[in-house]
Amino acid sequence: MNRTTRDRDEEGRARNARPRDGLGRPLPHGAEGVARQPEGVVRTPDETLREAQRLLDAGMPFHAHEVFEDAWKSGPEAERDLWQGLAQLAVGLTHAARGNREGGARLLRRGADRLTSAREGAPDQSAYGIDVGGLVAWARELSDRIDGTGTEVDAAAEAPRLRRTGA
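So, here is what we can say about the structure in this document.

Thresholds, definitions, all that
- Residues numbered from 1 in each chain as written.
- Predicted model: local features only at pLDDT ≥ 70, side-chain atom pairs only at ≥ 80, totals over all residues.
- Heavy atoms only, no water.
- Helix = DSSP H or I, 4+ residues; strand = E, 2+ residues; numbered from the N terminus.
- Buried < 20%, exposed > 50% of the residue type's maximum accessible area, 1.4 Å probe, protein only.
- Contact = heavy atoms within 4.5 Å.
- Areas by Shrake-Rupley, 256 points an atom, 1.4 Å probe, with all protein chains shown as cover.
- 1 Å grid on protein atoms, 1.4 Å probe; cavity = no way out; pocket = protein on both sides within 12 Å on 5 of 7 lines; lining within 4 Å.
- Points joined across faces, edges and corners; volume = space filled by probe spheres on them.
- Nonpolar A, V, L, I, M, F, W, Y, C, P; charged D, E, K, R; others polar.
- Axes fitted to C-alpha atoms, helices over the stretch in contact; angles between N-to-C directions.
- Parallel < 35°, antiparallel > 145°, perpendicular 65-115°, else oblique.
- Left-handed = near helix turned anticlockwise from the far one by under 90°.
- Salt bridge = Lys/Arg side-chain N within 4 Å of Asp/Glu carboxyl O.

1. A word on the overall build of the protein
- Helix and strand counts for the protein come out as five helices and zero strands.
- Each of the 167 residues in the protein was classed as buried or not, and the buried ones make up 44%.
- Considering only residue pairs separated by 6 or more positions, the protein has 61% of its internal contacts joining residues 24 or more positions apart.
- With the model as given, the accessible surface of the protein reaches about 8,900 Å², and the carbon-plus-sulfur share is 48%.

2. Focus on empty space enclosed by the protein
- In the structure shown here, the tally under the stated rule is one cavity of 30 Å³ or more.
- Space inside the largest cavity adds up to approximately 50 Å³.
- What lines the largest cavity is simply Leu56, Phe68, Leu86, Leu89, Ala90, Leu93, Leu135, Trp138, Pro160 and Leu162.
- Every element with two or more residues in the lining of the largest cavity is listed here: helix H3 (80-98) and helix H5 (132-146).
- Top contributing element to the lining of the largest cavity by residue count: H3, with four residues.
- Considered class by class, the residues forming the lining of the largest cavity number 10 nonpolar, no polar and no charged.

3. Some details on the packing of helix H2 (residues 61-74) against H3
- It is the contact of H2 with H3, at a shortest axis distance of 8 Å, that shows an interaxial angle of 165°. The angle between H2 and H3 falls in the class roughly antiparallel. By crossing handedness, the relation of H2 to H3 is classed as left-handed. Where H2 approaches H3, its residues Pro61, Phe62, Ala64, His65, Phe68, Ala71 and Trp72 are matched on the opposing element by Arg80, Trp83, Gln84, Leu86, Ala87, Ala90, Val91, Leu93, Thr94 and Arg98.
- Partitioned by chemical class, the residues of the contact of H2 with H3 number 12 nonpolar, three polar and two charged.

4. Considering the pattern of salt bridges
- This structure, assessed with the given rule, holds 14 salt bridges.
- Here Arg50 and Asp46 are joined by a salt bridge, their closest N and O atoms 2.2 Å apart. Of this pair, Arg50 and Asp46 both sit in helix H1 (residues 45-57), four residues apart, roughly one helical turn.
- Owing to a relative accessible area of 49%, Arg50 belongs among the partly exposed residues under this scheme.
- Note on Asp46: relative accessible area 32%, which makes it partly exposed.
- For Arg140, the salt bridge goes to Asp113, with nearest N and O atoms at 2.7 Å. Residue Arg140 is located in helix H5, and its partner Asp113 is located in helix H4 (residues 101-121); the two are separated by 27 residues in the primary sequence.

5. Some words on the environment of Leu56
- Within the fold, Leu56 resides in helix H1.
- Of the residues examined, Leu56 reaches a relative accessible area of 3% and is grouped as buried.
- Residues Leu56 and Glu158 lie 102 residues apart in sequence; the distance between their C-alpha atoms is 8.8 Å.
- With residues near it in sequence (within four places) discarded, Leu56 still touches Pro61, Ala64, Leu93, Ala155, Ala156, Ala159, Pro160 and Leu162.

Following this line, the structure appears as structure tokens:
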């Protein structure tokens with residue numbers, strides 16, 4: 001496809017207007033797809049976590065990743081590793097559910113490492129009720145289970161709980 005026929009946004013950046021499935025994969029033009037997450041939405045941490053959990057529970061980790069991406073781009077610098085780590089977990093689950101188990105396992109481990117760094121660097125972020133320890137354990141267990149085993153991954157069935165019970 002040449003540059004003149006590519007989908008572009010108002011600023012001229014390349015955008016793919018093709019519909020997407022629940023795991024973010026492009027579908028043919030004209031196909032029924034899943035609504036995309038709007039970009040650049042500024043949410044409170046509580047709103048971010050609620051929306052991301054809703055999407056994870058619905059088996060849409062790619063879309064949850066986009067919610068976390070908005071949080072790291074609009075939030076304070078001190079929280080960047082937290083939101084990026086959560087986004088990496090969502091993308092890791094996305095890749096695993098798409099059948100890219102090796103890539104999924106690698107991203108899950110990276111996300112777990114980033115969350116561990118975020119927790120050590122800014123322990124006050126636990127105020128959002130995020131179960132960092134539980135998420136790290138979930139990511140490592142899932143990555144070990146899927147890495148090279150050929151295990152089927154159902155994104156909704158494997159969705160992690162973002163917050164501690166009662167938070």
